[in-house]
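Descriptive structure summary
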Amino acid sequence: MGYNVAVDGPAGAGKSTIAKLVAKKKGYIYVDTGAMYRGLAIHFLKKGIDPDDKDAVAEACDDADVKIGYENGIQQVWLNGENITSMLRTEEVGNMASKTSAIPAVREKLLELQRSLARNEDVIMDGRDIGTNILPNADVKIYLTASVETRAKRRYDELREKGEECSLEDISRDIQERDERDMNRETAPLKKAEDAILVDSSDMTIQEVVDTICSYCK
Ligand code: DC
């Protein structure tokens, strides 16, 4: 078994930014499980599948082959042989991923892929159910959160930097809807594992969050 650090938390809490920096500092592999759900979401979007049609989503899982690899230490996602990494981080894909990740067949499809990565390597893995469900015996569990206002503002700044037009209200509403779905679904909802360390990054700098998490890790 590798050394495993689980980081869970709501959308926009800074999980990927922080986990990447901790990975670099500690020499772990960073595993972004949201990217796997986003990869499957692209498959469903390409097929024109209605995310509310659970049977159609479950059936479409059968002909999706999601693979993860690393190029210069950066995680890449392949869907049926095509590298789709650059297509993952749009609002459309994120919303589709949030809706379809509530469907058990989707979660089952990715469970073994996630566990096998953690079995063989020292990893810091981020997602929603890593500490509660995927890696219940992780060496360190972090629940990283921040206020809705902080998370919306960070996302807004990120999109504006990329030159995308957006409104703070729309992003804030989107984040709240996503929280609602991720936290209240029946299968593997987002919640803090009992033995997870709560880190609220609302009033912390990136460096402070990284240092705090590193202080708990080997
Ligand atoms: O972290 P992210 O925004 O890239 O994740 C996209 C969606 O995927 C998120 O709304 C919920 C889902 N997800 C999940 O259900 N379980 C995970 N371990 C990771 C992501």
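Preceding this paragraph is the structure being described.
Everything in this summary refers to the structure shown in the same document.

Criteria and thresholds
Residues numbered from 1 in each chain as written. Predicted model: local features only at pLDDT ≥ 70, side-chain atom pairs only at ≥ 80, totals over all residues. Heavy atoms only, no water. Salt bridge = Lys/Arg side-chain N within 4 Å of Asp/Glu carboxyl O. Helix = DSSP H or I, 4+ residues; strand = E, 2+ residues; numbered from the N terminus. Near = heavy atom within 4 Å. Polar contact = N/O pair within 3.5 Å; in protein donor to acceptor, adjacent residues only side chain to side chain. Areas by Shrake-Rupley, 256 points an atom, 1.4 Å probe, with all protein chains shown as cover. Pairing = 2+ DSSP bridges. Contact = heavy atoms within 4.5 Å. Axes fitted to C-alpha atoms, helices over the stretch in contact; angles between N-to-C directions. Parallel < 35°, antiparallel > 145°, perpendicular 65-115°, else oblique. Left-handed = near helix turned anticlockwise from the far one by under 90°. Nonpolar A, V, L, I, M, F, W, Y, C, P; charged D, E, K, R; others polar. Buried < 20%, exposed > 50% of the residue type's maximum accessible area, 1.4 Å probe, protein only.

Observations concerning the pattern of salt bridges
Using the criterion set out here, one finds 15 salt bridges in the structure. When the shortest N-O distance is used, the salt bridge between Asp65 and Lys67 registers 2.9 Å. As a salt-bridge pair, Glu158 and Arg155 come within 2.7 Å of each other at their nearest N and O atoms. With Glu158 and Arg155 both in helix H7 (residues 148–161) and three residues apart, the pair spans about one turn of that helix.

Overview of the site of the ligand
In the neighbourhood of the ligand, 16 residues make up the surrounding shell, with Thr33, Arg38, Arg107, Arg128 and Arg185 lying closest. Between the ligand and Arg128, the relevant distance is 2.9 Å, taken from an oxygen atom to a side-chain nitrogen or oxygen of the residue. For the ligand, the accessible surface in isolation is 450 Å², of which the surrounding protein chains cover 96%. Elements represented by at least two residues in the shell around the ligand include exactly helix H2 (33–46), helix H4 (91–100) and helix H8 (168–184).

Quick notes on the sheet that holds strand E4 (residues 74–79)
Read across the open sheet, the three strands follow the order E3-E4-E5; overall the sheet is antiparallel. With partners counted over all chains shown, the strands left at the sheet margins are strand E3 (66–71) and strand E5 (82–83), one partner each. Examined bridge by bridge, E4 and E5 share two bridges and lie antiparallel to one another. The partner of Leu79 across the bridge, within E5, is Glu82. In the packing of H2 onto the sheet, contacts are made with E3, E4 and E5, and the angle to E4 comes to roughly 30°.

With respect to the packing of helix H3 (residues 54–61) against helix H5 (residues 104–120)
Remark: H3 packs on H5, axes separated minimally by 8 Å, with the N-to-C direction vectors making an angle of 20°. Taken together, the axes of H3 and H5 lie roughly parallel to each other. Like other packed secondary-structure pairs, H3 and H5 cross with a definite hand, here left-handed. Residues Val57, Ala58 and Cys61 of H3 touch H5, and the partners they reach there are Ala105, Val106 and Lys109. Looking at side-chain class alone, the contact of H3 with H5 contains five nonpolar, no polar and one charged residues.

Let's talk about unusual backbone geometry
A positive phi angle, close to 50°, is found at Asn72, a residue other than glycine. Within the fold, Asn72 resides in the loop between E3 and E4. We note that Asn80 has phi near 45°; this positive angle belongs to a residue other than glycine. One can find Asn80 in the loop between E4 and E5. Judged by relative accessible area, Asn80 falls into the partly exposed class, the value being 43%.

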